[in-house]
Amino acid sequence: MKNSVQKFGKFLSAMVMPNIGALIAFGFLAALFIDTGWMPNEGFNSMVGPMLTYLIPVLIASTGGRMIGGDRGRVVGAIAVIGAIMSNTSITMLMAAMVIGPLAGLCIKKFDEAMDGHMPAGFEMLINNFSAGIIGMLLAMLGYLVIGPVMSAILGVMSAGVNTLVEKELLPLVAVFIEPAKVLFLNNAINHGIFTPIATAQAAEAGKSIMYMLEPNPGPGLGVLLAYMFFCKDKATKDSAPGAVIIHLLGGIHEIYFPYILMNPLVIVAPIAGSIVGIFWFNMTGCGLVGPASPGSIIAYMMMTPGPDMVKVIAGVLLSAGVSFAIASVLVKMAGGKSLEEAQSEMAAMKAQAKGETVVPGTIEKASEIKKIIFACDAGMGSSAMGATKFRNRIKAHRPDITVKNTSVDNIPADCDIAVVQATLADRAKKSAPQAQLITIGNFLADPALDALYVQLTTGDAPAAPAGENTDIVIPDVPVKKQVIIAKGVHLGQKPVSKEEAIQAAGEMLAKLGYVDETYIDAMQEREKLVSTYIGMGVAIPHGTTQAKGTVKKTGIVFFQYPDGVDFGAEKAQLVFGIAGIGDEHLDLLSKLCTLLEDPARLETLKTTDDVDWVLEQLS
């Protein structure tokens, strides 16, 4: 049942989360320019209503249509939701958009499946365009006559229920359900699938809504982490808490505190109590946010707070944190000395034991053949992104052939070799990526299974490099700042050559600029024969052997761009960086390059640009 709820909630939130930017834009406009805003402005205020009434439902419906029916589903979903919107423009049709968007995608998908293989030659474009238009028109009429009115009635009932809770001062009791559900990774489903539609309707009428404040409040989780930071008996867990506080409070990634509760389930009482007190305070003082605080950081929380409510909201967060801290401190002191890692491993083992499985954290098969690792969480936006970034930086120096990315658990790509997920999401991961080897963890940032995976990928059955030859480039967490690339070392728009010629050109340029002796060029060719310097994503970093470092005069890097690519074995490198380094002086540029690789748009521009100054700006 939990998996079904998670999957349904994920489906709902997946329509909202890609469009959070639009909701935030609406929130900023409302906070700043409505009649009661920070800087009232009639002209800018005129954009608030259309955004809420038309733009946001169209975006959500088109996203839902695309999820089911691809690009054609996106178009039909956008057409269809207009009918629901026009049935009642006095409310925001978010819920109607969540229904009619996927319905539109399903209809066009079924039509395309029925026409597959039966499309008359030469009439493909005509049939595709007319089918999308006709189906969209019919669904828009259905939305106007049925879906819009039904959703209006449902929203009215839900809003009345919330208003009743507010009037009866019972709203704080929803915390009894919110905090346990969050720990079970239902946070996105609750926040974006349930609260956001209700809150958006309330904000349209009153300019703000307390419903935006319920799930993202960072106070309850902050109290738990502070309790572990000051009173935990296990040193490793205690030492991990300060970093978790920063990630939770400033980064807004609430998943970071879930394992701290799972290791001692009784601690759940603390965030529940903290959330109850916070909601009671917000309700009593009439607080509300103008838009969704996503992610749930104190920064986002404050940015969505109207000016007159700022002090009251800060006080509510502090009250939540204080109550949670007071209760959690007692419970943490009473707890045994079990470590966070032990709790995470035990949780995974108990789950596997119930299914007749045996868990050996990080155990994988054919480590040398692993090419793609996916970190997956429920939404694919917060904790998995951090985990992927950290593991990517950790393993890149030893296994540059491995791609490490993140996504949502229901969208793991088919070419994934290893999927890393929280233990509670294992079942969904297996359905999403049955071909992948599964690594279950309790924490994306510090988990014994990740340590075991790292060890096996770097020392297991991976190809052994000659001693000292695969460890001469390491990207540190804190790079050394030094300018090591100049305009004369940047050569763009080069014609295709062989791998050996590309390495030769890079070596000769290093020598010409005075970075190395001529003998270093031969060392670069020898290095390539030992282990390929192609690191993936169209990038190669040829350099000399460790023994050749004595021929390096000063640190320098040259850059050759080959838009058509140079064959490095089975891959093509459009970007070739020739490297000559003394100590760690060249590592700042490599660190920047790693950051650049995570930005597809800038990476593609780097492969084709003819602007030397732009290249230097990106790499300097």
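Residues numbered from 1 in each chain as written. Predicted model: local features only at pLDDT ≥ 70, side-chain atom pairs only at ≥ 80, totals over all residues. Heavy atoms only, no water.

## Quick look at the overall build of the protein
Then, in step 1: When its secondary structure is counted, the protein shows 23 helices and nine strands.
Then, in step 2: Per-residue burial for the protein yields a buried fraction of 52% across its 620 residues.
Then, in step 3: A separation of at least 24 residues holds for 73% of the contacts in the protein among residues at least 6 apart in sequence.
Then, in step 4: For the protein, the exposed surface amounts to about 26600 Å²; the carbon and sulfur share of it is 63%. (Helix = DSSP H or I, 4+ residues; strand = E, 2+ residues; numbered from the N terminus. Buried < 20%, exposed > 50% of the residue type's maximum accessible area, 1.4 Å probe, protein only. Contact = heavy atoms within 4.5 Å. Areas by Shrake-Rupley, 256 points an atom, 1.4 Å probe, with all protein chains shown as cover.)

## Observations regarding the sheet that holds strand S3 (residues 418-422)
Then, in step 1: What the four strands build is an open sheet, ordered S2-S1-S3-S4; its pairing is parallel. Edge strands, defined here as strands with exactly one partner in the open sheet, are strand S2 (403-408) and strand S4 (437-441). On average, each strand axis in the sheet is inclined to that of its neighbour by 25°, with strand direction left out of account.
Then, in step 2: Pairing geometry for strand S1 (residues 372-377) and S3, over four bridges, is parallel. Within the sheet, the bridge partner assigned to Ile-373 lies in S3 and is Ile-418.
Then, in step 3: In the packing of helix H18 (residues 448-459) onto the sheet, contacts are made with S1, S3 and S4, and the angle to S4 comes to roughly 140°. (Pairing = 2+ DSSP bridges. Axes fitted to C-alpha atoms, helices over the stretch in contact; angles between N-to-C directions.)

## Here's the deal with the side chain of Ser-131
Then, in step 1: Here Ser-131 is to be found in helix H6 (residues 124-167).
Then, in step 2: Ignoring anything within four residues of it in the chain, the contact list for Ser-131 reads Arg-72, Ile-108 and Phe-111.

## Quick look at the nonpolar core
Then, in step 1: Of all hydrophobic cores here, the largest spans 31 residues; its most connected members are Ile-56, Ile-60 and Val-76.
Then, in step 2: Within the residue set of this core, elements represented by two or more residues are helix H2 (20-33), helix H4 (48-87), helix H5 (94-115) and H6.
Then, in step 3: Broken down by element, this core gets its largest block of residues, eleven residues, from H4.
Then, in step 4: Other than its neighbours up to four places away in sequence, Val-76 contacts Ala-104, Ile-108, Ala-132, Ile-135, Gly-136 and Leu-139.
Then, in step 5: Core analysis: the next-biggest nonpolar cluster, separate from the first, contains 25 residues, Ile-210, Leu-214, Leu-289 and Met-304 among them. (Core = buried A, V, L, I, M, F, W, Y, C linked by side-chain atoms within 4.5 Å.)

## Considerations on helix H22 (residues 600-608)
Then, in step 1: All of the buried residues in H22 are Leu-603, Leu-606 and Lys-607. Down the axis of H22, the buried set is contained in an arc of 100°. They therefore lie on one face. Set apart from the buried face of H22 by more than 90 degrees, the exposed residues are Ala-601 and Thr-608. (Arc of directions from axis to C-beta.)

## Looking at a nonpolar patch on the surface
Then, in step 1: On the surface, a nonpolar cluster with roughly 770 Å² of combined accessible area is contributed by Tyr-54, Ile-82, Met-86, Leu-142, Tyr-144, Leu-145, Val-146, Val-150 and Ile-154.
Then, in step 2: Of all elements in the fold, only H4 and H6 reach the threshold of two or more residues within the nonpolar patch.
Then, in step 3: Of all the elements, H6 adds the most residues to the nonpolar patch, at six residues.
Then, in step 4: With respect to the helices and strands, the residue Tyr-54 is situated in helix H4.
Then, in step 5: Tyr-54 sits in the partly exposed class, given a relative accessible area of 37%. (Patch = residues over 30% accessible without salt bridge, like charges linked within 9 Å, V, L, I, M, F, W, Y side chains within 5 Å. Salt bridge = Lys/Arg side-chain N within 4 Å of Asp/Glu carboxyl O.)

## A few points about a negative patch on the surface
Then, in step 1: Residues Asp-610, Asp-611, Asp-613 and Glu-617 make up a contiguous surface patch of negative charge.
Then, in step 2: Turning to its location among the elements, Asp-611 is positioned in the loop between H22 and helix H23 (612-619). (Lys, Arg positive; Asp, Glu negative; His and termini not counted. Charge placed at Lys NZ, Arg CZ, Asp CG, Glu CD.)

## Description of the packing of aromatic side chains
Then, in step 1: What the rule picks out here adds up to six aromatic pairs.
Then, in step 2: Between Phe-231 and Phe-325, the aromatic rings sit 6.0 Å apart at their centres with planes inclined by 35°, giving tilted as the arrangement. Of the two residues, Phe-231 sits in helix H9 (residues 219-231) while Phe-325 sits in helix H14 (residues 310-334), which places them 94 residues apart along the sequence.
Then, in step 3: By relative accessible area, Phe-231 is classed as partly exposed at 29%. (Phe/Tyr/Trp six-rings, centres within 6.5 Å; stacked < 30°, edge-to-face > 60°.)

## Quick word on the pattern of salt bridges
Then, in step 1: Counted under the stated rule, the structure contains eleven salt bridges.
Then, in step 2: Asp-401 is the salt-bridge partner of Lys-371, the closest N and O atoms lying 3.2 Å from each other. Note that Lys-371 is positioned in the loop between helix H15 (340-354) and S1 and Asp-401 in the loop between helix H16 (383-395) and S2, a separation of 30 residues in sequence.
Then, in step 3: Overall, the relative accessible area of 30% leaves Asp-401 in the partly exposed class.
Then, in step 4: The salt bridge involving Arg-399 is made with Asp-401; its shortest N-O contact spans 2.9 Å.
Then, in step 5: By sharing partners, the salt bridges in this structure join Lys-208, Asp-309 and Lys-312 into a single network.

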